[in-house]
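Structural overview for review
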Protein chains: 2
Amino acid sequence: MLSVSDYQKAKSKTMSYFEQANIILTSEEQEKIEIADFGLNDLERQGLELVTYINNEHYCAKELVLFPLQTCPEHKHPPIGDSLGKTETFRCRYGKVYLYVEGEPSIDFKASIPSSSKDYYTVSHEIELHPGDQFTIPPNTLHWFQAGEEGAIVSEFSTTSRDEYDIFTDPHITRVPKKT
Amino acid sequence: MLSVSDYQKAKSKTMSYFEQANIILTSEEQEKIEIADFGLNDLERQGLELVTYINNEHYCAKELVLFPLQTCPEHKHPPIGDSLGKTETFRCRYGKVYLYVEGEPSIDFKASIPSSSKDYYTVSHEIELHPGDQFTIPPNTLHWFQAGEEGAIVSEFSTTSRDEYDIFTDPHITRVPKKT
Ligand SMILES: [Zn+2]
Ligand SMILES: [Zn+2]
């Protein structure tokens, strides 16, 4: 688990990305910035920083930050009850994002898979997102993504977010940290 | 209807707002910027500029621009079939927005109602949005909004958008311009 000081460090680094991109958060939102290390204790390599603007029974909007070369590990959003699973639109706002989804594997793709977890990255159809570019990931579709060397900011528009149902390829991952 | 040259002028003014706020659009999106004058031929006073990032069967995300003191006229999003009607989250990104919804009327509210249409503004419960502030408007609820003196940019996160069903208080308004 992240120490309090690692959390604070990651939070202020996240805020510096938002400031650079002119994205303004209320002080309440700044307090609620989420630092996800997925229980892997290797935040700089595999992790994600985010703030949730709204998450209701119909739609969800978040702002995601990736540090330079930071990777959000491979996962999918499965069907839950009557719903097909979460659909996600990723819109790059700043930096560069390499997104990988199910489909024809891309030869010589640009991201580098975190070596400690290489068995848990199985899809490699590449979509490169620059600022203004977006891509919509269908429900129940494996995906992972990595920032370029400047880091990245991604706006996520989606159906309702229920992180606790996400299925990660890496069995060591716990998405929702146990509360102490 | 807007002339081609008025449309081009409004579009480049809209782009200058996005540039000022570091919001990047693809050239395709720039081409598709929508200038809504609601058939009132008074764009600077009553109108709205927007770009739609995504609008699928579940959710919608748009970026709205308001010129200084420009007003989006009073309307609501009614139930359609099995759905309750559009729910809208407005997040102020730049400038200042005065939003009015059903509820306790606000005394001495800050916006000034366009005098030519004053009978068609009936709700006056005021919500003032500064950058980083947001408010969610329930379905089937009358609302209108006006920018402050600098203009404004608002991110809209919502359920599916079906503009053709919107109900405007002013009977002179046609939301979806007839195609020629
Ligand atoms: Zn996902
Ligand atoms: Zn509306």
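As the structure is a computational prediction, the values presented were derived from the model and not from experiment. (Residues numbered from 1 in each chain as written. Chains lettered and ligands numbered in written order. Predicted model: local features only at pLDDT ≥ 70, side-chain atom pairs only at ≥ 80, totals over all residues. Heavy atoms only, no water.)

Concerning the interface of chain A and chain B
At the junction of the two partners, chain A supplies 28 residues and chain B supplies 28 residues. A buried area of about 2,100 Å², summed over both sides, lies between chain A and chain B, and 53% of it is on carbon and sulfur atoms. Here chain A is connected to chain B by four salt bridges. Across the salt bridge formed by Glu29 of chain A and Arg91 of chain B, the nearest N and O atoms sit 2.7 Å from each other. The interface formed by chain A and chain B contains 14 residue pairs in polar contact (both at pLDDT 80 or more). Counting only elements with at least two residues in the side of chain A that touches chain B, the list comes to strand E2 (48-55), strand E3 (59-66), strand E5 (88-101), strand E7 (134-137) and strand E8 (143-159) of chain A. (Contact = heavy atoms within 4.5 Å. Buried area = accessible area lost by both parts, 1.4 Å probe. Salt bridge = Lys/Arg side-chain N within 4 Å of Asp/Glu carboxyl O. Polar contact = N/O pair within 3.5 Å; in protein donor to acceptor, adjacent residues only side chain to side chain. Helix = DSSP H or I, 4+ residues; strand = E, 2+ residues; numbered from the N terminus.)

Notes on helix H1 (residues 4-20) of chain A
All names here are of chain A. Compared with an ideal rise of 1.5 Å per residue, which puts 17 residues at 24 Å, H1 spans 25 Å between its outermost C-alpha atoms and is within 8% of the ideal. Those residues of H1 that fall on the buried side of the exposure criterion are Ala10, Lys11, Thr14, Met15, Tyr17 and Phe18. Take H1 and look down its axis: the buried residues cluster within an arc of 155 degrees, on one side only. For H1, exposure combined with an orientation more than 90 degrees from the buried face picks out Lys9 and Glu19. (Expected span 1.5 Å × (residues − 1). Buried < 20%, exposed > 50% of the residue type's maximum accessible area, 1.4 Å probe, protein only. Arc of directions from axis to C-beta.)

Looking at the relation of the copies chain A and chain B
Both copies of the chain are related by one operation, a rotation about an axis with a shift along it. Superposition record for chain A on chain B: RMSD 0.0 Å, screw rotation 180 degrees, translation along axis 0.0 Å. Viewed as a symmetry operation, the transformation between the two copies matches a two-fold axis. Within chain A, Tyr59 of chain A has its C-alpha nearest the rotation axis, a separation of 2.9 Å. A symmetric contact is evident, with 100% of the interface residues of chain A recurring at the interface of chain B. (Least-squares fit on C-alpha atoms with pLDDT ≥ 70 in both.)

Observations regarding the packing of aromatic side chains
Tallied over the entire structure, the rule returns 19 aromatic pairs over all chains. A ring pair is formed by Tyr100 of chain A and Trp144 of chain A, whose centres lie 4.3 Å apart and whose planes are at 20 degrees; its orientation type is stacked. Pair noted here: Tyr100 of chain A is in strand E5 and Trp144 of chain A is in strand E8, with a separation of 44 residues, a long-range link. Judged by relative accessible area, which is 0%, Tyr100 of chain A ranks as buried. Through a chain of ring-to-ring contacts, the aromatic side chains of Tyr53 and Phe157 of chain A together with Tyr53 and Phe157 of chain B assemble into a single cluster. Positioned above the aromatic ring of Phe67 of chain A, the side-chain terminus of Lys13 of chain A is 4.1 Å from the ring centre. (Phe/Tyr/Trp six-rings, centres within 6.5 Å; stacked < 30°, edge-to-face > 60°. Lys NZ or Arg CZ within 6 Å of the ring centre and 35° of its normal.)

What to know about the coordination of the zinc ion (ligand 2)
Residue and element names in this part refer to chain B. In the first shell of the zinc ion (ligand 2), the protein supplies His75 (NE2), His77 (NE2), Glu88 (OE), Glu88 (OE) and His143 (NE2), at 2.1 to 2.7 Å from the metal. Of note, the donors binding the zinc ion (ligand 2) are all from one chain and are spaced H-x1-H-x10-E-x54-H. Of the two residues, Glu88 is situated in strand E5 (residues 88-101) and His143 in strand E8 (residues 143-159); the sequence distance between them amounts to 55 residues. The same class applies to Glu88 as to His143, namely buried. (Donors = N, O, S within 2.8 Å, 3.2 Å for Na, K, Ca; no water.)

Section: the environment of Asp166 of chain A
Residues and elements named next belong to chain A. Within the secondary structure, Asp166 is located in the loop between E8 and strand E9 (167-168). Considered as a pair, Asp166 and Pro78 are 88 residues apart in the sequence and their alpha carbons are 6.8 Å apart. A polar contact of 2.8 Å, which involves the side chain of Asp166, links it to the side chain of His77.

A short note on the coordination of the zinc ion (ligand 1)
All names here are of chain A. Every protein donor of the zinc ion (ligand 1) is listed here as His75 (NE2), His77 (NE2), Glu88 (OE), Glu88 (OE) and His143 (NE2), and their distances to the metal cover 2.1 to 2.7 Å. In primary-sequence terms, the residues that donate to the zinc ion (ligand 1) follow H-x1-H-x10-E-x54-H. Here His77 is found in the loop between strand E4 (71-76) and E5, whereas its partner His143 is found in strand E8, with 66 residues between them in sequence. Residues His77 and His143 agree in their burial class; the two are buried.

Some thoughts on the pattern of salt bridges
Inspection of every chain in the model, using the stated rule, returns 16 salt bridges over all chains. Between Lys110 of chain A and Glu128 of chain A there is a salt bridge, with the nearest N and O atoms lying 2.6 Å from each other. With a gap of 18 residues between them, Lys110 of chain A in the loop between E5 and strand E6 (125-129) and Glu128 of chain A in strand E6 connect regions that are remote in the sequence. With a shortest N-O distance of 2.8 Å, Glu88 of chain B and Lys86 of chain B are connected by a salt bridge. Each member of the pair, Glu88 of chain B as well as Lys86 of chain B, carries the same accessibility label: buried.

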